[in-house]
Amino acid sequence: MKGIIKGLGVTLKSMTQKKITYAYPEVPIKMPDRFRGIQHFDPEKCIVCNQCARICPTECITLTGKANPDPEKKGKVIDTYDINFEICILCDLCTEVCPTEAIVMTNNFELSSYSRDDLFKNLEWLNENNQNIRQENNSAMPKGGAKKDV
Ligand code: SF4
Ligand code: SF4
């Protein structure tokens, strides 16, 4: 009897305590500000310098560029930009070296898939991944684009 009362006491106490679990995925999880999530890529800012691909420790970035079609402008514009999330370790190095913040980290982390092929993300997909851009990269947000919180 004493044991039952003691057990009930523990149950009642824990019922009034603040919950430390989430009803995920129904309730989105707010990740910390410095969380390194799936990248957002802005083709307008990319100068095709190749630094992100060169520093990537797992060689998961593939990109191609072409001469700027505008004859009055010099340099290159990005043509294709792909990241293989099978091997990306979300280390943040690509965003650290990018001189124009064309590639930035977000707080998004949901990449689960039934097919490995789905883990190859192209320029369009990375460009549309513009929600929850990490707060320190707010300056990189497209106008009217990203939200700060989950
Ligand atoms: S986060 Fe790291 S592993 Fe992923 S693409 Fe960038 S440099 Fe490569
Ligand atoms: S480092 Fe930045 S600007 Fe250079 S190729 Fe990569 S994304 Fe483009």
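Scroll up a little and you will see the structure.
Described in the following lines is the structure provided in the data block. Values in this document were obtained by computation on a predicted structure and should not be read as measured data.

Right, let's get into a nonpolar patch on the surface. A cluster of nonpolar side chains, contributed by Met-1, Ile-4, Ile-5 and Leu-8, occupies part of the molecular surface with about 480 Å² of accessible area. Here Ile-5 is to be found in helix α1 (residues 2-16). Note on Ile-5: relative accessible area 54%, which makes it exposed.

Turning our eyes to something else, we now look at the pattern of salt bridges. Scanning the entire structure with this criterion turns up three salt bridges. Measuring nitrogen to oxygen at the nearest pair gives 3.5 Å for the salt bridge that ties Asp-79 to Lys-66. With Asp-79 in strand β3 (residues 76-84) and Lys-66 in strand β2 (residues 61-67), the pair connects residues that are 13 residues apart, well separated along the chain. Look at Lys-66 and you get partly exposed, because its relative accessible area is 40%.

With that settled, the discussion passes to the site of ligand 2. For ligand 2, the set of nearby residues contains 14 residues, the closest of which are Cys-46, Cys-49, Asn-50, Cys-52 and Cys-98. Split by residue class, the shell around ligand 2 holds 11 nonpolar, three polar and no charged.

Our focus in this paragraph is the pairing of β3. Bridging between β2 and β3 involves seven bridges; their strand directions are antiparallel. Across the sheet, residue Lys-66 finds its bridge partner in β3, namely Val-77. Looking at chain direction, β3 and strand β5 (residues 120-121) are connected through two bridges and run antiparallel. Its bridge partner being in β5, Ile-83 is matched across the sheet by Lys-121.

This part takes up the nonpolar core. Counting residues in hydrophobic clusters, the biggest one holds 23 residues, and the most contacted among them are Phe-41, Ile-61, Leu-63, Ile-78, Tyr-81, Ile-83 and Phe-85. Breaking this core down by element, the ones donating at least two residues are α2 (51-55), β2, β3 and α4 (123-128). Element by element, the count of residues in this core is highest for β3, at three residues. Those residues in contact with Leu-63 that lie beyond four places of it in its chain are Val-48, Asn-50, Cys-52, Ala-53, Ile-78, Thr-80 and Tyr-81.

What counts and what doesn't
Residues numbered from 1 in each chain as written. Chains lettered and ligands numbered in written order. Predicted model: local features only at pLDDT ≥ 70, side-chain atom pairs only at ≥ 80, totals over all residues. Heavy atoms only, no water. Patch = residues over 30% accessible without salt bridge, like charges linked within 9 Å, V, L, I, M, F, W, Y side chains within 5 Å. Areas by Shrake-Rupley, 256 points an atom, 1.4 Å probe, with all protein chains shown as cover. Salt bridge = Lys/Arg side-chain N within 4 Å of Asp/Glu carboxyl O. Helix = DSSP H or I, 4+ residues; strand = E, 2+ residues; numbered from the N terminus. Buried < 20%, exposed > 50% of the residue type's maximum accessible area, 1.4 Å probe, protein only. Near = heavy atom within 4 Å. Nonpolar A, V, L, I, M, F, W, Y, C, P; charged D, E, K, R; others polar. Pairing = 2+ DSSP bridges. Core = buried A, V, L, I, M, F, W, Y, C linked by side-chain atoms within 4.5 Å. Contact = heavy atoms within 4.5 Å.

Purely geometric stuff here, so don't read any function into it on its own.
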